[in-house]
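This is what each chain is made of:
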Amino acid sequence: MSYGNVTHEGLGKSWNNMIEWRTGSLIPKICQQDCGEYPAKCGGGCRIESLNANGSMGGNDPYCLQTKPVARRRGIKQIFI
Ligand code: SF4
């Protein structure tokens, strides 16, 4: 998907075109209303995985089991030498 060309339209217009990513409108209702993981521990799954699996960015993340949290990244350990 494309939201604009930064070179031709500028960063501000391209950023504004991506408003759907910032309003929460793409987050499934089950995440927002029924899941205890949202929003602190999970942001609602991956919208692109939903697009690939469901044909819609507003659908469920296919890797979420709805009853268990999706895989989370472990904290990155910093190694000091
Ligand atoms: S764990 Fe699953 S149901 Fe809960 S917010 Fe994340 S993707 Fe949504």
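What counts, and at which threshold
Residues numbered from 1 in each chain as written. Predicted model: local features only at pLDDT ≥ 70, side-chain atom pairs only at ≥ 80, totals over all residues. Helix = DSSP H or I, 4+ residues; strand = E, 2+ residues; numbered from the N terminus. Buried ≥ 20, exposed ≤ 12 C-beta atoms within 10 Å, placed from the backbone. Contact = placed C-beta atoms within 7 Å. pLDDT = per-residue confidence, 0-100.

**Student:** When you look at the overall build of the protein in this model, what are you seeing that I'm missing?
**Tutor:** Tallying secondary structure elements over the protein gives four helices and zero strands in all. Secondary structure of the protein in N-to-C order comes out as α-α-α-α. Taking all 81 residues of the protein together, the buried fraction comes to 9%. Here the contacts in the protein between residues at least 6 apart in sequence split such that 26% fall between residues at least 24 apart.

**Student:** Teacher, can you tell me more about the environment of Gly-45 here?
**Tutor:** Relative to the helices and strands, Gly-45 is located in the loop between α3 (29-34) and α4 (47-54). Put simply, Gly-45 and Asn-60 are 15 residues apart on the chain and 7.4 Å apart in space, counted from C-alpha to C-alpha.

**Student:** Explain the environment of Glu-20 here, please?
**Tutor:** Tracing the chain through its elements places Glu-20 in the loop between α2 (11-17) and α3. For Glu-20, a count of 14 C-beta atoms within 10 Å corresponds to the partly exposed category.

**Student:** What is the right way to look at the confidence of the model for the protein in this model?
**Tutor:** It should be kept in mind that the predicted coordinates are not to be read in detail where pLDDT is low. With 80% of its residues at a pLDDT of 70 or more, the protein has an overall mean of 86. Ranking the helices and strands of the protein by mean pLDDT puts α2 first, with 97, and α3 last, with 91.

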